[in-house]
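Analysis of the macromolecular model
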Amino acid sequence: MSKLSLDRILQSQGFGTRKYCRALIEEGDVAVDGVLHTNYKTVFDTGALTLTVFDEPWLVRERVYIALYKPANVECSRKPSHHPGVLTLLPEQFTWRDVQPVGRLDHDTTGLLLMSDDGPFIHAQSSPKRHVPKIYQATTQDAVTDALVEQLLAGVQLHDEPAPLKAVSCVKRGEFQLEIVLEQGKYHQVKRMLAAAGNHCAGLHRSAIGGLTLESIAITQGQWCFLDQSQLDLLVQT
Ligand code: URA
């Protein structure tokens, strides 16, 4: 952890510009570990520091790792065009901190979405070399057949891919329900694979990434939580 002046600490946590953070401190809106501080130049060790800003506690974190239960009709793109962006579901501080989604879910896909302001983490998680399985529950338009399951396991050829893409696992969960596990994260991959196999994806939900399941996190649609190290460790399991 590093030593930083109070205005820089506030800025690093996404409370606004340096000028705005200085004003907050000077106006008496900021306490550190329960003690009011009005001099923005005061230096603190940022390890395990709790700020209180406008009476709201805020644990100082160098980087944030977030799980969001993405609802439908929310966009992951940086410049959402038809629906609100995922950042609207998080406190404003995260937008200032440049928190971004790790990969994307389509606007109509629900489920587990990771978000972070740690560039190398985002890059590593999104790398095609990283074979972290992602578990999807798909609702199909036509009934799930054994032939569909076999085709998805054997591999289907998508237009712009050099080789067929295979599901790591594919299990019929109901007449119109399929659990499909993918290791790649290609654009609209589940929907395109289902279409290439002669069916149609009528609904899609991501229930887990690696060993991290939405069920274990116990958040409901639209909710988010910080992930701790033991939860992050589950992202590497295959
Ligand atoms: N595959 C899709 O088709 N869409 C998603 O949102 C995720 C995986």
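Reading the values: rules and limits
Residues numbered from 1 in each chain as written. Predicted model: local features only at pLDDT ≥ 70, side-chain atom pairs only at ≥ 80, totals over all residues. Heavy atoms only, no water. Near = heavy atom within 4 Å. Polar contact = N/O pair within 3.5 Å; in protein donor to acceptor, adjacent residues only side chain to side chain. Areas by Shrake-Rupley, 256 points an atom, 1.4 Å probe, with all protein chains shown as cover. Helix = DSSP H or I, 4+ residues; strand = E, 2+ residues; numbered from the N terminus. Nonpolar A, V, L, I, M, F, W, Y, C, P; charged D, E, K, R; others polar. Domains from an automatic or database assignment. Buried < 20%, exposed > 50% of the residue type's maximum accessible area, 1.4 Å probe, protein only. Arc of directions from axis to C-beta. Contact = heavy atoms within 4.5 Å. Buried area = accessible area lost by both parts, 1.4 Å probe. Salt bridge = Lys/Arg side-chain N within 4 Å of Asp/Glu carboxyl O. Pairing = 2+ DSSP bridges.

**Points about the site of the ligand**
- In the vicinity of the ligand, the contacting residues are Leu105, Asp106, Thr109, Tyr136, His188, Gln189, Val190, Lys191 and Leu204.
- Between the ligand and Asp106 there is a distance of 2.7 Å, counted from a nitrogen atom to a side-chain nitrogen or oxygen.
- Here an oxygen atom of the ligand and a side-chain polar atom of Thr109 are 2.9 Å apart.
- Bound to the protein, the ligand loses 96% of the 240 Å² it would expose on its own.
- With three residues, helix H6 (residues 189–196) is the single largest residue contributor to the shell around the ligand.
- Looking at the shell around the ligand residue by residue, the class counts come to four nonpolar, three polar and two charged.
- Both domain 2 (65–128 + 211–236) and domain 3 (133–209) contribute no fewer than three residues apiece to the shell around the ligand.

**Considerations on H6**
- For H6, the complete set of buried residues consists of Gln189, Val190, Met193 and Leu194. The arc that holds the buried residues of H6, viewed along the axis, is 125 degrees, so those residues lie on one side.
- Each element contacted by the buried residues of H6 is listed here: strand S10 (134–140), helix H5 (146–154), strand S12 (177–182) and strand S13 (201–209).
- Backbone geometry just after H6 places Gly198 at a positive phi near 90 degrees.

**Digging into the side chain of Asp7**
- If you trace the backbone, Asp7 turns up in helix H1 (residues 6–12).
- Residue classification places Asp7 among the buried positions, given a relative accessible area of 2%.
- A polar side-chain atom of Asp7 sits 2.7 Å from a polar atom in the side chain of Arg22.
- Discounting chain neighbours no more than four positions away, the residues touching Asp7 are Arg18, Cys21, Arg22, Ile25 and Tyr40.

**Regarding the domain arrangement of the protein**
- Under the domain assignment used here, the protein contains domain 1 (3–59), domain 2 (65–128 + 211–236) and domain 3 (133–209).
- Just the C-alpha atoms count here: the centres of domain 2 and domain 3 sit 22 Å apart.
- Listed by partner, the interface residues are 16 residues for domain 2 and nine residues for domain 3.
- Of the roughly 1000 Å² buried where domain 2 meets domain 3, counting both sides, 43% is carbon and sulfur surface.

**Comments concerning the pattern of salt bridges**
- For the structure on display, the rule yields eight salt bridges.
- Between Arg97 and Asp117 there is a salt bridge, with the nearest N and O atoms lying 3.0 Å from each other. Taken as a pair, Arg97 in the loop between helix H3 (92–96) and strand S8 (100–101) and Asp117 in the loop between strand S9 (110–116) and helix H4 (119–126) lie far apart in primary sequence, 20 residues in all.
- Given a relative accessible area of 11%, Asp117 falls into the buried group.

**Focus: the pairing of S10**
- Here S10 shows one buried face, formed by Lys134, Tyr136, Ala138 and Thr140, and one open face, formed by Ile135, Gln137 and Thr139.
- Inspection of the sheet shows S10 paired to S12 by six bridges, in the antiparallel sense. Bridging from a neighbouring strand, Ala138 pairs with Leu178 of S12.
- By the bridge criterion, seven bridges tie S10 to S13 in an arrangement that is antiparallel. Bridge assignment links Tyr136 to a residue of S13, and that residue is Arg206.

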